[in-house]
Amino acid sequence: MERIIFHIDVNNAFLSWSAIDLLNKGYKYDIRNSYAVIGGDEQTRKGIVLAKSNGAKKMGIKTAETLYSARKKCPALRVYPSNYPVYAEMSKKLFELLSKYSPDIEVASIDECYLDYGKVKNLYGDQYEFAKKIQKEIYDTLGFTVNIGIANNKLCAKMASDFSKPYKIHTLYQNEIKEKMWPLQVEELFGIGKKTAPKLHQLKIHTIEDLAKADIKKLELFFKNQAALMIQSANGIDETRVISETSIPKGIGNEITLDHDIKEKQQLKQYLLGLSENVALRLRRQKKYAYVIVVTLKDQYFRRKSHQKKRKNATNITQEIYETACLILSEMEIDSVRLIGIRLDHLTNESNHQVSLFENIEIREENSELEQAVDELKNKFGISVIKKASLLEQKIDKKYFK
């Protein structure tokens, strides 16, 4: 079966959805056709631009700049408040529409998703023609436009959907990577963040092609384990599958929405510890072990990203899950985090632990025995009976991990 992945991305989601809501309430004009932004409290001078109209964009206004700065560029600017209940409802309608055609949909954020079209191609025919049909149906029934990227994997589908906007369909098949993707600046590669790009430029890696052909040994000196993944991505290699809602229960996961946005990784590690305890306990109750640890973050704009690692040995020990999660977090670039989660995948009924030369197996066995004893107490007296001291020292964490 040919692997064909769609990436479907709403054009200017927050502004479009606010515009539709205002029109439905009798507003006289479409704010998408004016100098408009979605933002916070302008009077405090702390509000920022969450979304902008094309007119505002032409005036040099950028997402995430302060409203105070934006108005200096465009005195006629109109600022509209965000309306997250409306955004959630519009998002739900979009995903419900798409689910009529395929159950294999992975929601990446409130306004974007992946769809595994290869599994339903025999039902609907040519992928490009189907993409045009989907685009039109979304616009006709919901009132907003989407970009669609079509490729042989999720990475390239995501890249394709960003080529040019709005209301476009782009392809980035494996045989198109050198022509369409390699000439782009390296910072345009999905997964290369604001902190990584300048380091690459210092190494004279300016385009995606430069990165695709880079010496992995040299790159590992600066980026360690990330180097191989970066080079793979630059070559358009991505084996991750579309994980639909129906697939998620095969693993064990736990997410929490934070009281306030967090920008420091050290603070986030405290939440990872509590989450690790929770998922590890559930894993042990099912008498299972996990090979894959996944850390998920959602930022202030509801953009979701996940990174994962596959362990040599499957585990259900809290400390091992936590240490792997911290390693994953250390390799992720963060801005302002409002949700954090851990998921355990590739579950197995046996651990088949292979001892490393540098591993103290006695300490591992002691940890395992200790956790079994703690589990018995939690089963008898409740899961909050015992907590790690590092968790109890953090007031912010107590209510999440009872």
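Note that the coordinates shown come from a computational prediction; the quantities given were computed from them, not determined experimentally. (Residues numbered from 1 in each chain as written. Predicted model: local features only at pLDDT ≥ 70, side-chain atom pairs only at ≥ 80, totals over all residues. Heavy atoms only, no water.)

Caption draft 1: Focus on the side chain of Gln127. Inspection of the secondary structure assignment puts Gln127 in helix 6 (residues 127-142). Classification of Gln127 as buried rests on a relative accessible area of 7%. A distance of 3.1 Å separates a polar atom in the side chain of Gln127 from a polar atom in the side chain of Lys121. If we skip the residues at most four places from it in the chain, Gln127 touches Ile4, Phe6, Tyr117, Lys121, Ile150 and Tyr173. (Helix = DSSP H or I, 4+ residues; strand = E, 2+ residues; numbered from the N terminus. Buried < 20%, exposed > 50% of the residue type's maximum accessible area, 1.4 Å probe, protein only. Polar contact = N/O pair within 3.5 Å; in protein donor to acceptor, adjacent residues only side chain to side chain. Contact = heavy atoms within 4.5 Å.)

Caption draft 2: Structural view of the sheet that holds strand 11 (residues 304-315). Overall, antiparallel pairing links the four strands, which are arranged 9-12-10-11 in an open sheet. Looking at the sheet topology across the chains shown, the edges are occupied by strand 9 (252-262) and strand 11. Strand-to-strand twist in this sheet, taken as the mean axis angle between neighbours without regard to direction, amounts to 15°. Taken strand by strand, helix 13 (residues 265-285) contacts strand 9, strand 10 (289-299), strand 11 and strand 12 (337-348), and its axis lies near 160° from that of strand 9. (Pairing = 2+ DSSP bridges. Axes fitted to C-alpha atoms, helices over the stretch in contact; angles between N-to-C directions.)

Caption draft 3: Representation of the environment of Leu200 in the model. Examined against the element boundaries, Leu200 turns out to sit in helix 9 (residues 196-202). Separated by 13 residues in the primary sequence, Leu200 and Glu187 place their C-alpha atoms 8.9 Å from one another.

Caption draft 4: Structural view of the packing of aromatic side chains. Applying the stated criterion across every chain, the model contains 14 aromatic pairs. Plain terms: the ring middles of Phe14 and Tyr87 are 4.4 Å apart, the flat faces sit at 5° to each other, and that makes the pair stacked. Of the two residues, Phe14 is situated in helix 1 (residues 13-24) and Tyr87 in helix 4 (residues 84-99); the sequence distance between them amounts to 73 residues. The exposure class of Phe14 is buried, given its relative accessible area of 7%. (Phe/Tyr/Trp six-rings, centres within 6.5 Å; stacked < 30°, edge-to-face > 60°.)

Caption draft 5: Just the packing of helix 13 against helix 14 (residues 318-331), in detail. Between helix 13 and helix 14, whose axes approach to 8 Å, the crossing angle comes to 140°. Classified by the angle their axes make, helix 13 and helix 14 are oblique. Crossing of helix 13 against helix 14: the hand is right-handed. Contact residues: Lys265, Leu268, Lys269, Leu272, Leu273, Ser276, Glu277, Val279, Ala280 and Arg284 in helix 13; Thr318, Ile321, Tyr322, Ala325, Cys326, Leu329, Ser330 and Glu331 in helix 14. Taken together, the residues of the contact of helix 13 with helix 14 break down into 10 nonpolar, three polar and five charged. (Parallel < 35°, antiparallel > 145°, perpendicular 65-115°, else oblique. Left-handed = near helix turned anticlockwise from the far one by under 90°. Nonpolar A, V, L, I, M, F, W, Y, C, P; charged D, E, K, R; others polar.)

Caption draft 6: Representation of the confidence of the model for the protein within the structure. Counting all residues, the mean pLDDT for the protein is 85, and 84% of those residues have values of 70 or more. Here residues 380-386 scores under 50 on pLDDT; set against residues more than four positions off or in separate chains, the count is 11 contacts. Taken as a whole, residues 389-402 scores under 50 in pLDDT and shows 30 contacts with residues more than four places along the chain or in a different chain. (pLDDT = per-residue confidence, 0-100.)

Caption draft 7: Geometry of helix 1. Over its 12 residues, helix 1 extends 16 Å from the first C-alpha to the last, a length consistent with the 16 Å expected when each residue adds 1.5 Å. Among the 12 residues in helix 1, 10 count as buried, and that is most of the element. Every buried residue belonging to helix 1 is among Ala13, Phe14, Leu15, Ser16, Trp17, Ser18, Ala19, Ile20, Asp21 and Leu22, and all of these are buried. Tucked into the core, helix 1 has its buried residues touching strand 1 (5-10), strand 2 (36-39), strand 3 (49-52), strand 4 (78-81), helix 4 and helix 6. (Expected span 1.5 Å × (residues − 1).)

Caption draft 8: Representation of the pairing of strand 11 in the model. Taken together, the eight bridges between strand 10 and strand 11 define a ladder with antiparallel strand orientation. Counterpart to Val292 in the pairing with strand 11 is Lys310. Joining the antiparallel neighbours strand 10 and strand 11 is a turn of four residues, in which Phe302 adopts a positive phi near 70°.

Caption draft 9: A look at the nonpolar core. Counting 44 residues, the largest nonpolar core has Phe6, Phe14, Trp17, Leu98, Ile138, Phe144 and Ile148 as its most contacted members. Residue assignment for this core shows that the elements contributing at least two residues are strand 1, helix 1, strand 2, strand 3, helix 4, strand 6 (112-116), helix 6 and strand 7 (146-151). Sequence-distant contacts of Phe14, that is, excluding residues within four places in its chain, are made with Ile38, Leu50, Ala51, Tyr84, Tyr87, Ile110, Tyr301 and Phe302. Of all hydrophobic cores here, the second largest spans 32 residues; its members include Ala197, Ile208, Leu211 and Leu219. (Core = buried A, V, L, I, M, F, W, Y, C linked by side-chain atoms within 4.5 Å.)

Caption draft 10: Seen up close, the pattern of salt bridges. Using the criterion set out here, one finds 20 salt bridges in the structure. Among the ionic pairs, Glu112 bridges to Lys158, the shortest N-O distance being 3.1 Å. With a gap of 46 residues between them, Glu112 in strand 6 and Lys158 in helix 7 (residues 154-161) connect regions that are remote in the sequence. Of the two residues, Glu112 and Lys158, neither departs from the other in class, the shared state being buried. Here Arg338 ties to Asp261 by a salt bridge, and the two come within 3.9 Å at their closest N and O atoms. Linking Arg338 in strand 12 with Asp261 in strand 9, this pair joins segments that are 77 residues apart in sequence. Since its relative accessible area comes to 23%, Arg338 is described here as partly exposed. Residues joined by salt bridges that share partners form a network here, namely Asp9, Asp162 and Lys165. (Salt bridge = Lys/Arg side-chain N within 4 Å of Asp/Glu carboxyl O.)

Caption draft 11: Expanded view of the sheet that holds strand 4. Taken in spatial order, the three strands line up as 3-2-4 in an open sheet, and their pairing is mixed. Of all strands in the sheet, those bounded by a partner on one side alone are strand 3 and strand 4. Across this sheet, the average inter-strand angle for adjacent strands is 35°, counted without regard to direction. As defined by bridge partners, strand 2 adjoins strand 4 across four bridges and the pair is classed as parallel. Bridged to Val37 within strand 4 is Val79. Its contacts with the sheet put helix 1 on strand 2, strand 3 and strand 4, and the angle it makes with strand 2 is roughly 100°.

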